[in-house]
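Structural overview for review
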Protein chains: 2
Amino acid sequence: MANSIPSVIDFFEKFIALTEEDRVKITSSFKEVKVKKRQFIVQPNFVATHRNYVVHGAFRSYVVADEGQEHTIAFAIDDWWITDYNSYIFQKPATMFVVALEDSTIMQIDYEKEKELKASHQKFETFFRTIAERGLAFYQRRLISNLTQTAEERYNEFESKYPLVSQRVPQYALASFLGMTTEYLSKLRNHRAKKK
Amino acid sequence: MANSIPSVIDFFEKFIALTEEDRVKITSSFKEVKVKKRQFIVQPNFVATHRNYVVHGAFRSYVVADEGQEHTIAFAIDDWWITDYNSYIFQKPATMFVVALEDSTIMQIDYEKEKELKASHQKFETFFRTIAERGLAFYQRRLISNLTQTAEERYNEFESKYPLVSQRVPQYALASFLGMTTEYLSKLRNHRAKKK
DNA sequence: ACCAAAAGTTGAACTAGTTCAACTTCCTTT
DNA sequence: AAAGGAAGTTGAACTAGTTCAACTTTTGGT
């Protein structure tokens, strides 16, 4: 199994150039954590203390509405990041759950360490600025899909954009991510299959 | 009428401490532009060259779906920012329109100037990182509303959170922002009025 | 290997929100 | 001040997606 350290470092290097010293700094800011399937890494009412990089595995963040329905906000598989950003950024209580969908390995950085890292060198500030901007653009595109497309169109788009995710997450989680019921997604899938 | 320079400067000072030199640098990075009602500041297929701070006035960004319906993505009134972020951040062609809903005054910074500003001092990198993070958190909350709430709940929430915006934007724009038809919003408003 | 619980399927009844069409009111422009 | 268009309203018919319920399949724990 691949070592986890290179994998986060590689991610940083997509956006900023690192010296050997920087790599050491990053390595000491993160800690590797093994997470079992069904284990929570963020829970409502507790402050999200970490930003989590998924080395390998799969996670899902979701909120629970008044009547108890779960709504998936994000998925994260290998090489993605996940947390309750509203909680982490503002360091206030979370409203989301973040749960492992598989046995996983993650690299966690906590809020204070991240702050030190950013303060230590401009390039780290640049790194976090860049991923925040990309996250912003991502959520904006997602909102546009939700406003402009039908359930079936959203499903098709997801399948073609993220075939790997689609295979690894349970259907009820995908349905609530796409903003539809699990029954309806089941129908979409099966009607589609028949048409072939 | 208030001078536009102090107003952007004040915004920066919410997040970072500025020296007199910094203020001069900011002032020279932005240019004031007067925009007439119905004038576009971003259009599809053109790269969004500026990030726009609204000194006073009102704007709306929207996309046009296949069948021609407009979907409002964001509003911006006094002291807010607006652009097509997906276009601006990646400097690729826009998919949105951004149009003035009133005669307005804005302060524009272009992509290159912003880059220089960020490169010139860590604090500016911090500033843009902070607003990107807040934007991300904002869009994530908006997505949650869209997934978890009914049309009526979204309308009520908007009215109580942004009463000033609600008064200044046309109803068809608000309806499409909230993800419903203008007819349905009209019914919600009037049924509500009767119940009193 | 077995059993209980969780996940997924299918059909029938339903409803929140859309569509269409006709009308009224409010802005702009001249 | 008038005219024409854009914005908003109302009701009736409709539909995409939900809800409910009964069932089958898969998964995980002992």
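So, here is what we can say about the structure in this document. (Residues numbered from 1 in each chain as written. Chains lettered and ligands numbered in written order. Predicted model: local features only at pLDDT ≥ 70, side-chain atom pairs only at ≥ 80, totals over all residues. Heavy atoms only, no water.)

Residue and element names in this part refer to chain A. Assignment of secondary structure puts Ser166 in helix α7 (residues 163-168). Side-chain polar atoms of Ser166 contact the side chain of Glu159, separated by 2.4 Å. If near-sequence neighbours (up to four positions away) are discounted, Ser166 is found in contact with Phe158, Glu159, Leu174 and Arg189. (Helix = DSSP H or I, 4+ residues; strand = E, 2+ residues; numbered from the N terminus. Polar contact = N/O pair within 3.5 Å; in protein donor to acceptor, adjacent residues only side chain to side chain. Contact = heavy atoms within 4.5 Å.)

Here the focus is the relation of the copies chain A and chain B. Least-squares fitting of chain A to chain B yields an RMSD of 0.0 Å, with the transformation described by 0.0 Å of translation along the axis and a rotation of 180°. Given the turn and translation reported, the copies of this chain are related as if by a two-fold rotation axis. When the interface residues of chain A are mapped onto chain B, 100% of them again fall at the interface, so both copies present the same face. (Least-squares fit on C-alpha atoms with pLDDT ≥ 70 in both.)

Taking 1.5 Å of rise per residue, 27 residues should cover 39 Å, and helix α5 (residues 122-148) of chain A covers 39 Å from first to last C-alpha, within 8% of that figure. The buried fraction of α5 of chain A is high, at 22 of 27 residues. (Expected span 1.5 Å × (residues − 1). Buried < 20%, exposed > 50% of the residue type's maximum accessible area, 1.4 Å probe, protein only.)

Here we take up the interface of chain A and chain B. Contact residues are listed per partner, giving 39 residues for chain A and 39 residues for chain B. For the pair chain A and chain B, the summed buried surface comes to about 3500 Å²; carbon and sulfur atoms form 66% of the total. Linking chain A with chain B are four salt bridges, by the criterion used here. Across the salt bridge formed by Glu133 of chain A and Arg51 of chain B, the nearest N and O atoms sit 3.9 Å from each other. Linking chain A with chain B are 13 residue pairs in polar contact (both at pLDDT 80 or more). (Buried area = accessible area lost by both parts, 1.4 Å probe. Salt bridge = Lys/Arg side-chain N within 4 Å of Asp/Glu carboxyl O.)

Let us now look at the protein's contact with DNA strand C. Looking at DNA strand C, there are 16 residues lining it, with Gln171, Tyr172, Ser186 and Asn190 of chain A together with Lys37 of chain B nearest. Protein-adjacent atoms of DNA strand C, using a 4 Å cutoff, are sugar or phosphate at a proportion of 69%. Asn190 of chain A has a polar side-chain atom sitting 2.3 Å from a phosphate oxygen of DNA strand C. Within the side chain of Lys37 of chain B, a nitrogen or oxygen atom sits 2.6 Å from a phosphate oxygen of DNA strand C. Going through the elements one at a time, α8 (171-177) and α9 (182-195) of chain A together with α9 (182-195) of chain B are the ones with two or more residues in the surface near DNA strand C. For the surface near DNA strand C, the element with the most residues is α9 of chain A, which contributes four residues. Classifying every residue of the surface near DNA strand C by side-chain character gives five nonpolar, five polar and six charged. (Near = heavy atom within 4 Å. Nonpolar A, V, L, I, M, F, W, Y, C, P; charged D, E, K, R; others polar.)

Another aspect to go through is empty space enclosed by the protein. Residue and element names in this part refer to chain A. Tallying each qualifying case throughout the model produces one cavity of 30 Å³ or more. Lining the largest cavity, in full, are Phe138, Arg141, Arg142, Ser145, Asn146, Arg154, Glu157, Phe158, Lys161, Tyr162, Phe177 and Leu178. Those elements giving two or more residues to the lining of the largest cavity turn out to be α5 and α6 (151-161). Among the elements that line the lining of the largest cavity, the one with the most residues is α5, at five residues. By residue class, the composition of the lining of the largest cavity is five nonpolar, two polar and five charged. (1 Å grid on protein atoms, 1.4 Å probe; cavity = no way out; pocket = protein on both sides within 12 Å on 5 of 7 lines; lining within 4 Å. Points joined across faces, edges and corners; volume = space filled by probe spheres on them.)

What follows covers the side chain of Ser176 of chain A. By secondary structure assignment, the location of Ser176 of chain A is in helix α8. Overall, the relative accessible area of 8% leaves Ser176 of chain A in the buried class.

Most of strand β5 (residues 70-77) of chain A is tucked away: seven of the eight residues are buried. Hairpin geometry of strand β4 (residues 58-64) of chain A and β5 of chain A is characterised by an intervening segment of five residues between the two adjacent antiparallel strands and by a positive phi of about 95° at Gly68 of chain A. (Pairing = 2+ DSSP bridges.)

In this section: the sheet that holds strand β7 (residues 97-100) of chain B. All names here are of chain B. Sheet architecture is open: four strands sit in the order β2-β7-β4-β5, paired in antiparallel fashion. Both edges of this open sheet fall to β2 (40-42) and β5 (70-77), since each of them pairs with a single strand only. Neighbouring strand axes in the sheet, compared pairwise and without regard to direction, differ in orientation by 30° on average. (Axes fitted to C-alpha atoms, helices over the stretch in contact; angles between N-to-C directions.)

This paragraph deals with the protein's contact with DNA strand D. Taken together, 16 residues form the shell around DNA strand D, and within it Lys37 and Ala151 of chain A together with Gln171, Ser186 and Asn190 of chain B come nearest. What you see for DNA strand D is that sugar and phosphate hold 72% of its atoms within 4 Å of the protein. Ala151 of chain A places a main-chain nitrogen or oxygen 3.0 Å from a phosphate oxygen of DNA strand D. In this structure, a phosphate oxygen belonging to DNA strand D sits 3.0 Å away from a main-chain N or O atom of Tyr172 of chain B. Elements represented by at least two residues in the surface near DNA strand D include exactly α9 of chain A together with α8 (171-177) and α9 of chain B. Of the residues forming the surface near DNA strand D, the biggest block, four residues, is contributed by α9 of chain B. Of the residues assigned to the surface near DNA strand D, the class counts are five nonpolar, five polar and six charged.

Read these as geometric descriptors, not functional statements.
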